[in-house]
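Okay, here's what each chain looks like letter by letter:
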Amino acid sequence: MGVPTLGCDCAVCTSADPHDRRLRPSVLLTWREPSQDGQPSQDGQARFVVIDTGPDFREQAMRNRLKRIDAVFYTHAHADHIMGLDDLRPLSFLTYRENGPIPLYASPETRAVLERVFDYTFSPDATYPTRARVRLEPLQDRTTVHGVEFIRIPLLHGTMKISGFRFGDTAYLTDVSAIPESSFALLEGLDNLIISALRHDPHPSHATVKQALGWARRIGARQTWFTHIAHELGHEATNRTLPENIRLSYDGLSFPVNLDPIHLKPAKPAPAPSHSATPPPVNP
Ligand SMILES: [Zn+2]
Ligand SMILES: [Zn+2]
């Protein structure tokens with residue numbers, strides 16, 4: 001809902017601490033492409049990828065002086081994660097001239113909602129002349145954007161199947177209420193984990209601080225940041241109760257990440273099939 005929460009005058013919503021003013025969650029990842037010989041270079045093309053375009057996308061883009069976007073990844077299609085899509089328009093006009101429409105990576109479920117909500121953008125009959133120059137792309141398990149690989153992390157948000165993302169040594173998992181066992185294997189060796197922790201009271205589709213702490217300990221990233229924080233959690237007061245390497249994130253938080261290719265251990269082999277007299281069916 002953002003903090004201050006509309007209609008609320010609790011201690012956090014009226015706090016003077018700027019950390020207690022929270023726009024809706026999103027992250028921007030930026031890097032520079034290596035030079036021709038593959039070496040890190042200050043002259044390489046800068047790339048900008050956003051995860052989710054919530055209702056505050058325009059304000060966030062202004063604060064970060066965002067001038068271009070190379071791709072957007074969507075976690076799921078709730079309003080607080082998609083409603084800023086239309087504000088991609090001015091940036092998409094710039095990117096379009098160089099690279100064509102901005103790719104938006106979305107699951108089939110998310111895509112269906114985006115096509116419905118923004119039909120004037122995506123409908124084959126759309127004629128609105130200044131619609132966003134964007135194109136929906138299927139979200140694969142692994143997607144490479146200008147040399148950086150994004151691994152989809154399957155998560156549950158209540159009964160909804162949603163996506164988190166891993167890039168290099170960092171993962172962004174928002175709106176989580178459960179992490180399937182198989183997803184933990186994709187989260188090994190993290191330096192930075194960003195994971196949602198809504199509040200202390202249970203919620204049907206969001207993790208409590210206690211649940212998020214349990215996952216953070218199990219995943220064992222060097223540093224964990226909580227995000228998607230409701231007005232029940234004051235910044236300073238909550239941080240005092242957390243382990244030293246686990247902190248509430250805040251608007252404008254920025255840190256370096258390592259985007260070297262990810263080498264995950266191969267998944268455990270499935271148990272060997274028991275011997276049987278009938279040979280396995282063969283696909284024609
Ligand atoms: Zn949600
Ligand atoms: Zn959300």
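Let me sum up the structure you'll find in this document. (Residues numbered from 1 in each chain as written. Chains lettered and ligands numbered in written order. Predicted model: local features only at pLDDT ≥ 70, side-chain atom pairs only at ≥ 80, totals over all residues. Heavy atoms only, no water.)

For the rest of this paragraph, the subject is the coordination of the zinc ion (ligand 1). Protein coordination at the zinc ion (ligand 1) comes from H76 (NE2), H78 (ND1), H157 (NE2) and D175 (OD), with a distance range of 2.2 to 2.5 Å. One way to put it: the four donor atoms around the zinc ion (ligand 1) meet at angles of 88 to 177°, and that makes the site irregular. Positions of the donor residues of the zinc ion (ligand 1), expressed as sequence spacing, correspond to H-x1-H-x78-H-x17-D. Between the zinc ion (ligand 1) and the zinc ion (ligand 2) the interatomic distance amounts to 3.4 Å, and D175 serves as a bridging ligand to the pair. Separated by 81 residues along the polypeptide, H76 in the loop between β3 (71-73) and α2 (79-82) and H157 in strand β7 (residues 148-157) bring together distant segments of the chain. Here H76 falls in the buried class, since its relative accessible area comes to 1%. (Donors = N, O, S within 2.8 Å, 3.2 Å for Na, K, Ca; no water. Tetrahedral: all angles 85-135°; square planar, octahedral: opposite > 155°, others 65-115°. Helix = DSSP H or I, 4+ residues; strand = E, 2+ residues; numbered from the N terminus. Buried < 20%, exposed > 50% of the residue type's maximum accessible area, 1.4 Å probe, protein only.)

Our next topic: the pairing of strand β10 (residues 192-196). Among the five residues of β10, five are classified as buried, and the element is accordingly described as predominantly covered. Both faces of β10 are covered, namely the face carrying N192, I194 and S196 and the face carrying L193 and I195. Bridging between strand β9 (residues 170-173) and β10 involves four bridges; their strand directions are parallel. Across the sheet, the residue bridging to A171 is L193, located in β10. (Pairing = 2+ DSSP bridges.)

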